[in-house]
Amino acid sequence: MGNAVCAKEKRKKTAKVMTLDGAVIRLKPPATAGDVLRDRPGHSVLEADEVKRLGVRATPLDSTQPLEPGKLYFLAELPRPLDRRGLRRASTVVAVARGSATDRLENLRLSRPRRSASLAVETAEGGGAVRVRVRLPAARVAKLLQESADGSEAAERIVELYLAEKSVPDAVSSPPARNQVNSSAAFDQGKSMALPLLLLLLLLPVSVVSADEGPYIGVNVGTALSDMPSPTQVAALLKTQKIDHVRLYDADPAMLAALANTGIRVTVSVPNEQLLAVGQSNATAANWVARNVVAHVPAVNITAITVGSEVLTALPNAATLLVPALRYIHSALVAANLDGLIKVSTPHASSVILDSFPPSQAFFNRTFEPVIVPMLKFLQSTGSYLMLNVYPYYDYLQSNGIIPLDYALFRPLPPNKEAVDANTLLHYTNVFDAVVDAAYFAMAYLNVTNVPVVVLESGWPHKGDPTTEPDATADNAATYNSNLIRHVLNNTGTPKHPGVPVPTYIYELYDEDLRPGVTSEKFWGLFDVNGVPAYTLHLTGSGTLLANDTTNQTFCVAREGADAKMLQAGLDWACGPGKVDCSALMQGQPCSDPDSVEAHASYAFNEYYHGMGMASGTCYFSGVAAITTTDPSHDSCLFSGSGGKNGTVLNGTSLAPSSNSTSAESSAAHSFYHNKGGLQIIRLLLLSLIAL
């Protein structure tokens, strides 16, 4: 007895790492994640508790992190990047819920299972989504789908229904009855699977939205310029910059003529000043469509019509006309046989959503519900989308310091800085995703779960009043829009709907000098009136969109006015752990003069930035570094990236010290969330439940 107790106590003093095949690796302290990974390249170590709590959102441990005795860890293989060439659109969506409950049920229907006592798990094409099967009464499942606020709630209810029915063993061994359906869960015969099932369904909830098209970036074209370029010049700039989606604030015939035969997908608009007439008369709406749409297709590729702009907040007295206007415009498209090609919707300010964080608690302003409820029904019935204007810049300004600038700009955040929705345990690393998910949850609150979101306006001003708008800078605008474009085109989706595209239109193409209001109102453009980029975007790896990318001609320097102690700390890190060759800064060497911490930090920061391939987050150094297009080289001191010098690729994967920069870790974690990640998590959870 005593020996058995001693042996048990001895085992508890070791850290245990479980592999996918069920083997357990025991490590005596002191041990780190790196000790496990040393002979296992391409793998990661995950905390079992975090896996059970966060599922596929669990963050792999850093190689230096100690493994605590008595704790359980999982060893999982990091999947290879997906070959997206063969993927179908929205292939990671488990179930697309569009139309009636019958349609949704049919989309959830799976093929007839074989007789088997094993857990049936399968991934959607391309990886990511996971299905597990169980047979349940069709009528009950359909009722649950109708009554549930979203896919997560439906999954929980399906589990409860299964447990109540207690019919799985019989169902597995006999053919399904005519009134039964294979739902989105499956179970192992002969074992009590309530706990793992609940975990699986909560970790991998059913997605119920998808987009008709993959992810894309569009641009808004405003015309409040004192010297507006001609329509042909606008079209030429769009083609040069590879912009293939645009939104016009009207339906100017000259602009439409210039866009003819370009292939550019065009969204035209019914301006607010025309809403009164269109919303009161079916005939007026028909005339508008005939004059501004039918007359220009198919030469002009019109794909959407927006009816008004932020009507509920900007023109509340006309709110009651909004839904009639939407219906009249759509009826005119039906009459012209264009309703299958052109969607009809209306953009809203994000302020129509209240209590937007945590997103799971968001709801539409109840004052607007008499309009929003029938509008959402219209969007459902026509297969359209909710249009939303998302401006993290304003959310940041109005938060009185609560929202960090890095969170608004998509800058990488360490896990302990991420915002966590306590109700769903979803992690939010940026304002944009939180606002989009707030819209999804607000719709779910009204029992609408199959209307996708399109962000019709988003951006960041590159200039403002230095006193009252200090964060309206070219650096911040470049950071926000570059990160936004990458985020959208990478098809990241949102924490609530990962992998579901969020098509987004940048506000805007040109600076509009005639816009009233504060200084920044005039400086949201990507280009000035002459088509010259207002700032440099950093879009390497994002295709040919917006060819003003001059990343190879950018430099990382000390920010003007930065704290000298912070600069010294950054300089010490770059020349030490950052592995930058700082020999050029030694006395008598080309870059020793000027002998100031600012000049030396600029050299070291830039060498690190170029050595890391100018990756996102590598020019930050706790906020004392900034990207510039001005070559800081002087005399015989050449900076990497200048005409006479190329950067040297650094060995290792260290990232510049920052309160918000964890690009390497977050990249690994992100790759784990996709492809085989979900299936591995299921296997690990099941193994932990039956083996230990």
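Reading guide: rules and limits
- Here, residues in each chain are numbered from 1, in the same order as that chain's written sequence.
- Only residues with pLDDT of 70 or above have their local features reported here, since the model is predicted, and side-chain atom pairs are shown and tallied only from 80 upward, although totals for entire chains, interfaces and linings are computed over all residues.
- For side-chain calculations, the full set of non-hydrogen atoms in the structure is used, while hydrogens and water are omitted.
- A pocket, in this scheme, is an open set of points on a 1 Å grid over the protein atoms alone with protein on both sides within 12 Å along at least 5 of 7 lines, while a cavity is a set where a 1.4 Å probe fits but cannot get out; residues line either one if an atom lies within 4 Å of a point.
- Grid points are joined across faces, edges and corners, and a volume is the space filled by probe spheres set on the points.
- Going along the chain from the N terminus, every DSSP run of H or I of four or more residues is numbered as a helix, and every run of E of two or more is numbered as a strand.
- Gly falls in the polar group here, along with every residue not listed as nonpolar (Ala, Val, Leu, Ile, Met, Phe, Trp, Tyr, Cys, Pro) or charged (Asp, Glu, Lys, Arg).
- Looking at any residue, its pLDDT shows the predictor's confidence there, from 0 to 100.
- Contacts are residue-level and defined by heavy atoms, with any inter-residue pair within 4.5 Å sufficient.
- Classification of ring pairs uses Phe, Tyr and Trp, with its six-membered ring standing for Trp, and accepts pairs whose centres are within 6.5 Å; under 30 degrees between planes counts as stacked, over 60 as edge-to-face, and the remaining range as tilted.
- When accessible area is computed with a 1.4 Å probe and restricted to protein chains, residues below 20% of their type maximum are described as buried, those above 50% as exposed, and intermediate ones as partly exposed.
- Comment: the charge-over-ring label is applied if NZ (Lys) or CZ (Arg) is within 6 Å of the ring centre and within 35 degrees of the ring normal.
- We treat two strands as partners when DSSP finds at least two bridges between them.
- Crossover handedness is defined here as right-handed if the route from the first strand over the helix to the second strand goes clockwise, with the strands pointing away from the viewer.
- Throughout, an axis means a line fitted to C-alpha atoms (over the contacting stretch in the case of helices), and angles, computed between N-to-C directions, take values from 0 to 180 degrees.
- Should an angle lie under 35 degrees it is considered roughly parallel, over 145 roughly antiparallel, and from 65 to 115 roughly perpendicular; all remaining angles are considered oblique.
- By definition, turning the near helix anticlockwise from the far helix through less than a right angle yields a left-handed crossing, and turning it clockwise yields a right-handed one.
- Under the rule applied, a polar contact is a pair of N or O atoms within 3.5 Å (in protein, one hydrogen donor and one hydrogen acceptor; residues adjacent in sequence only if both atoms are side-chain atoms).
- Take the buried residues of types Ala, Val, Leu, Ile, Met, Phe, Trp, Tyr and Cys, join any two whose side-chain atoms come within 4.5 Å, and each joined set is a nonpolar core.

A. Molecular detail of the layout of surface pockets. Of the volumes computed, that of the second largest pocket is approximately 1200 Å³. Glu310, Ala349, Asn389, Tyr391 and Tyr394 are the residues nearest the centre of the second largest pocket, which is lined by 50 residues in total. Broken down by secondary-structure element, the contributors of at least two residues to the lining of the second largest pocket are strand E10 (245–248), strand E11 (265–270), helix H11 (272–280), helix H16 (392–398) and helix H18 (431–445). In terms of residue count, H18 provides more of the lining of the second largest pocket than any other element does, four residues in total. Considered class by class, the residues forming the lining of the second largest pocket number 24 nonpolar, 13 polar and 13 charged.

B. Geometry of the confidence of the model for the protein. For the protein, the average pLDDT comes to 75, and 67% of its residues sit at 70 or higher. Element-level mean pLDDT values for the protein span from 31 in helix H22 (residues 663–673) up to 97 in strand E13 (residues 343–345). In the model, residues 166–208 has pLDDT below 50 throughout and makes 115 contacts with residues more than four positions away in sequence or in other chains. Note that pLDDT drops below 50 for residues 658–683; the model gives that stretch 78 contacts with residues more than four away or on any other chain.

C. Region of interest: the packing of aromatic side chains. Taken as a whole and judged by the stated rule, the model has 19 aromatic pairs. Between the aromatic rings of Phe357 and Tyr428, the centroid separation amounts to 6.1 Å while the plane-to-plane angle is 80 degrees, which identifies the pairing as edge-to-face. Here Phe357, found in the loop between strand E15 (353–354) and strand E16 (363–364), pairs with Tyr428, found in strand E19 (residues 427–428); they are 71 residues apart in sequence, far enough to count as distant. You can call Tyr428 buried: its relative accessible area is 0%. Ring pairs connect the aromatic residues Tyr391, Tyr393, Tyr394, Tyr396, Phe410, Phe432, Trp460, Tyr480, Tyr507 and Trp524, which therefore count as one cluster. It is Arg366 that lies over the ring of Phe363; its NZ or CZ is 4.5 Å from the centre. Above the face of the Phe441 ring, Lys496 is positioned so that its terminal group lies 4.2 Å from the ring centre.

D. Structural view of the pairing of E11. In terms of residue burial, E11 counts as a mostly covered element, since five of its six residues are buried. With three bridges joining them, E10 and E11 adopt parallel strand pairing. Its bridge partner lying in E11, His245 is registered against Arg265. In this view, the connection linking E10 to its parallel neighbour E11 by way of helix H10 (residues 253–259) has right-handed handedness. Relative to strand E12 (residues 301–307), E11 is paired through six bridges, and the arrangement is parallel. Considered in E12, the bridge of Thr267 is made with Ala304.

E. Layout of the sheet that holds E11. Taken together, nine strands build an open sheet; the order of strands is E13-E12-E11-E10-E9-E21-E20-E17-E14 and the sheet is parallel. Edge strands, defined here as strands with exactly one partner in the open sheet, are E13 and strand E14 (347–349). When the angles between neighbouring strand axes are averaged without regard to direction, this sheet yields 25 degrees. Both E14 and strand E17 (residues 386–389) contribute to a ladder of three bridges, which runs parallel. Across the sheet, the residue bridging to His348 is Leu388, located in E17. Sitting on the sheet, helix H19 (residues 474–489) is in contact with strand E9 (217–221), strand E20 (453–458) and strand E21 (504–506), with an inclination near 160 degrees to E21.

F. Molecular detail of the packing of H11 against helix H14 (residues 322–335). Two elements in contact, H11 and H14, have axes whose closest approach is 8 Å; the angle formed by their N-to-C orientations is 70 degrees. Judged by the angle between their axes, H11 and H14 are roughly perpendicular. Judged by the twist between their axes, the crossing of H11 over H14 is left-handed. Counting all contacts with H11, which are made through Leu275, Val278, Gly279 and Gln280, the residues of H14 involved are Pro324, Ala325, Tyr328 and Ile329. Across the contact of H11 with H14, the residue classes break down as six nonpolar, two polar and no charged.

G. How the structure looks around the environment of Tyr445. Its place among the elements puts Tyr445 in helix H18. Looking at Tyr445, the relative accessible area reads 49%, which means it is partly exposed. Sequence separation between Tyr445 and Phe364 is 81 residues, and the spatial gap between their C-alpha atoms is 8.7 Å. Discounting residues that sit within four places of it in the chain, Tyr445 has contacts with Phe363 and Arg366. At 2.7 Å, the side chain of Tyr445 and the side chain of Arg366 are in polar contact.

H. Expanded view of the side chain of Thr494. Along the chain, Thr494 falls in the loop between H19 and E21. For Thr494, the side chain forms a polar contact with the side chain of Asp437, separated by 2.5 Å. Among residues more than four places away in sequence, those in contact with Thr494 are Asp433, Val436, Asp437 and Val502.

I. Structural context of the nonpolar core. Membership of the largest hydrophobic core comes to 105 residues, with the highest contact counts inside it found for Val293, Ile305, Val307, Ile329, Leu386 and Leu509. The element that contributes the greatest number of residues to this core is H18, accounting for eleven residues. Beyond its immediate sequence surroundings of up to four residues, Ile329 is in contact with Val270, Val278, Ala285, Trp288, Val289, Ile305, Val307 and Val344. In this structure, Ala558, Ala604, Tyr609 and Ala625 belong to the second largest nonpolar core, which totals 26 residues.

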